[in-house]
Amino acid sequence: MTPGGRLRTLLKVALNVLVLAFVGYILWSSIRGHEAETWDILKHFDAGTALLLLVLGIGNTMVGHLGWHTITGRLGIQLPYFDSFRVWAASLLGRYIPGKVMLLVGRTYAYRQRGQPAVWVAYAVILEHLFALCSAIIVLLVSLTQLHDVELAQLRWLGWIGLLPLALLVSPRLMNWGIGLIARRLGAEDRRDLSTLDFVLFLLVYLGGWLVLGLGNYVLIWRIGDIGWQYFLYVTGAHAVAGIAGVLSLFAPSGIGVRDGLMFFFLSRIMPAYQATLASLGLRIWLTGCELIVIGVGWILMRLPAPPPKDERAGS
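Values in this document were obtained by computation on a predicted structure and should not be read as measured data.

Explain the overall build of the protein chain to me, using residue names and the numbers behind them.
Broken down by element type, the protein chain carries 12 helices and zero strands. Its helices and strands in sequence order give the protein chain the pattern α-α-α-α-α-α-α-α-α-α-α-α, from N to C terminus. Contacts spanning at least 24 positions in sequence make up 74% of the contacts within the protein chain whose residues lie at least 6 apart. Counting only carbon and sulfur atoms, one obtains 71% of the accessible surface of the protein chain, whose full area is about 16,000 Å².

Mind laying out empty space enclosed by the protein, listing which residues take part and the relevant values?
As enumerated under the stated definition, the model contains one cavity of 30 Å³ or more in all. The volume enclosed by the largest cavity comes to roughly 50 Å³. His239, Arg259, Asp260, Met263, Ser280, Leu283, Arg284 and Leu287 are the residues that line the largest cavity. It is helix α12 (residues 273-301) that contributes the most residues to the lining of the largest cavity, four residues altogether. Of the residues that constitute the lining of the largest cavity, the class distribution is three nonpolar, two polar and three charged.

Which residues make up the packing of aromatic side chains, and what values go with them?
Applying the stated criterion across every chain yields a total of nine aromatic pairs. Summarising the aromatic geometry, the rings of Trp68 and Tyr111 are spaced 5.8 Å apart at their centres and angled 80° between planes, so their arrangement reads as edge-to-face. Here Trp68 is found in helix α3 (residues 47-74), whereas its partner Tyr111 is found in helix α5 (residues 101-113), with 43 residues between them in sequence. An aromatic cluster is present here, built from Phe131, Phe199 and Phe202 joined pairwise through their rings. Taking NZ or CZ as reference, Arg107 lies 4.4 Å from the ring centre of Trp68, over its face. Directly above the aromatic system of Phe265 lies the positively charged group of Arg269, at a separation of 4.5 Å from the ring centroid.

Outline the nonpolar core, supporting the account with residue identities and numerical values.
Core analysis: the largest hydrophobic core is formed by 38 residues, its most contacted members being Ile221, Ile227, Val235, Leu267, Ile270 and Trp286. Broken down by secondary-structure element, the contributors of at least two residues to this core are α3, α6 (118-145), α9 (196-225), α10 (232-248), α11 (258-267) and α12. Looking at this core element by element, the count peaks at eight residues for α12. The residues contacting Val235, other than those within four sequence positions of it, are Asn217, Tyr218, Ile221, Ile227, Met263, Leu267 and Ile270. Counting 33 residues, the second-largest nonpolar core is a separate cluster that includes Ile77, Leu79, Val119 and Ile138.

How would you sum up a nonpolar patch on the surface? Please name residues and give values.
Together, Leu51, Leu54, Val55, Ile293 and Val297 give the surface a local cluster of nonpolar side chains, amounting to about 410 Å² of exposed area. Top contributing element to the nonpolar patch by residue count: α3, with three residues. Mapped onto the elements of the fold, Leu54 is located in helix α3. The exposure class of Leu54 is partly exposed, given its relative accessible area of 34%.

Give me the pattern of salt bridges: which residues, what numbers.
Using the criterion set out here, one finds seven salt bridges in the structure. The residue Glu291 makes a salt bridge to Arg95 at a minimum N-O spacing of 2.5 Å. Taken as a pair, Glu291 in helix α12 and Arg95 in the loop between α4 (81-91) and α5 lie far apart in primary sequence, 196 residues in all. On the basis of relative accessible area, Glu291 is assigned to the buried category, the value being 11%. When its relative accessible area of 28% is taken as the criterion, Arg95 is described as partly exposed. Taken together, the shared-partner salt bridges connect Asp83, Arg86 and Arg114 into one network.

Lay out the packing of α10 against α11 in plain terms, naming residues and giving numbers.
Contact pair α10 / α11: the axes reach a minimum separation of 8 Å and the direction vectors enclose 155°. With respect to their mutual orientation, α10 and α11 come out roughly antiparallel. Seen from above, α10 lies across α11 with right-handed handedness. Counted together, Tyr234, Val235, Ala238, His239, Val241, Ala242, Gly243, Ala245 and Gly246 of α10 and Val258, Arg259, Leu262, Met263, Phe266 and Leu267 of α11 form the full contact between these two elements.

Pulling in residues and values, what's your account of the confidence of the model for the protein chain?
The predicted model of the protein chain averages 79 in pLDDT, with 74% of residues at 70 or higher. In this model, residues 311-316 is a region of pLDDT below 50 whose contacts with residues beyond four sequence positions or in other chains number 13 contacts.

Help me get a handle on the environment of Ile41, residues and values and all.
Looking at where Ile41 falls in the secondary structure, it is placed in helix α2 (residues 35-43). Sequence separation between Ile41 and Ile224 is 183 residues, and the spatial gap between their C-alpha atoms is 6.4 Å. Residues within four places of Ile41 in sequence aside, it is in contact with Ile224, Tyr274, Gln275 and Leu278.

Thresholds, definitions, all that
Residues numbered from 1 in each chain as written. Predicted model: local features only at pLDDT ≥ 70, side-chain atom pairs only at ≥ 80, totals over all residues. Heavy atoms only, no water. Helix = DSSP H or I, 4+ residues; strand = E, 2+ residues; numbered from the N terminus. Contact = heavy atoms within 4.5 Å. Areas by Shrake-Rupley, 256 points an atom, 1.4 Å probe, with all protein chains shown as cover. 1 Å grid on protein atoms, 1.4 Å probe; cavity = no way out; pocket = protein on both sides within 12 Å on 5 of 7 lines; lining within 4 Å. Points joined across faces, edges and corners; volume = space filled by probe spheres on them. Nonpolar A, V, L, I, M, F, W, Y, C, P; charged D, E, K, R; others polar. Phe/Tyr/Trp six-rings, centres within 6.5 Å; stacked < 30°, edge-to-face > 60°. Lys NZ or Arg CZ within 6 Å of the ring centre and 35° of its normal. Core = buried A, V, L, I, M, F, W, Y, C linked by side-chain atoms within 4.5 Å. Buried < 20%, exposed > 50% of the residue type's maximum accessible area, 1.4 Å probe, protein only. Patch = residues over 30% accessible without salt bridge, like charges linked within 9 Å, V, L, I, M, F, W, Y side chains within 5 Å. Salt bridge = Lys/Arg side-chain N within 4 Å of Asp/Glu carboxyl O. Axes fitted to C-alpha atoms, helices over the stretch in contact; angles between N-to-C directions. Parallel < 35°, antiparallel > 145°, perpendicular 65-115°, else oblique. Left-handed = near helix turned anticlockwise from the far one by under 90°. pLDDT = per-residue confidence, 0-100.

As structure tokens, then:
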């Protein structure tokens, strides 16, 4: 590693430590003086809720793979579902490495070993993150339009205005122009256009994931703070904006510290601070635990032999 590379690594580590220390201090300060209430909540967290959260957490992760498999299939990248799943699942470990490029590198390498063009795998990763991000933005904007009886209710107008530009996501001319531009930059020689139906399908899959994630998100927060159903969209939208910030925080592995701090901020608007702390930490443990289970399964399945390479497009 060059001296410049070492310096960048040290700066990333230092920034992570500072963010974690700051968020940790805020969370700990909110619990001080409420130790008895905190312990009572933890003591009464039942196994049935934990099992439901496990099912919803893994289900949300599996919807993420369905989105990936759908995108690659529409781009003509042919892998059987089982093989696609184990490569995708194992590559998720790259989210926990600062910079998050190892997800792209690992997935591209595995697909190249299976005879698939690296350029289109790289583009599929870009589309995967684009539609995951846009689905989160849609959830956020819809939740903004439904804000009532909270401190942030004056922001409702942003939701209605923000939804309008998202129609561009399903414009085939614009998106295919972007596909061609990125593909040429990545070195592709052929052209693979997608239709409006393809883009709508991608968006629907990731929005379906938000239904699963939103339900689990609400169940956990409800179990801690006993909030009503009228806050379902609010807490789901809060999770969306925290997730967006976590994805964009390239220095933070899996958005740690950033996502948790934002969740605490939004949840503390509707419940006592110590409950918001427990919910924020619980969400981190829940989602990370479920994702690590899927990653572990992926790494175990990767030890099985790969099928013979296949290099033809769908329908050819």
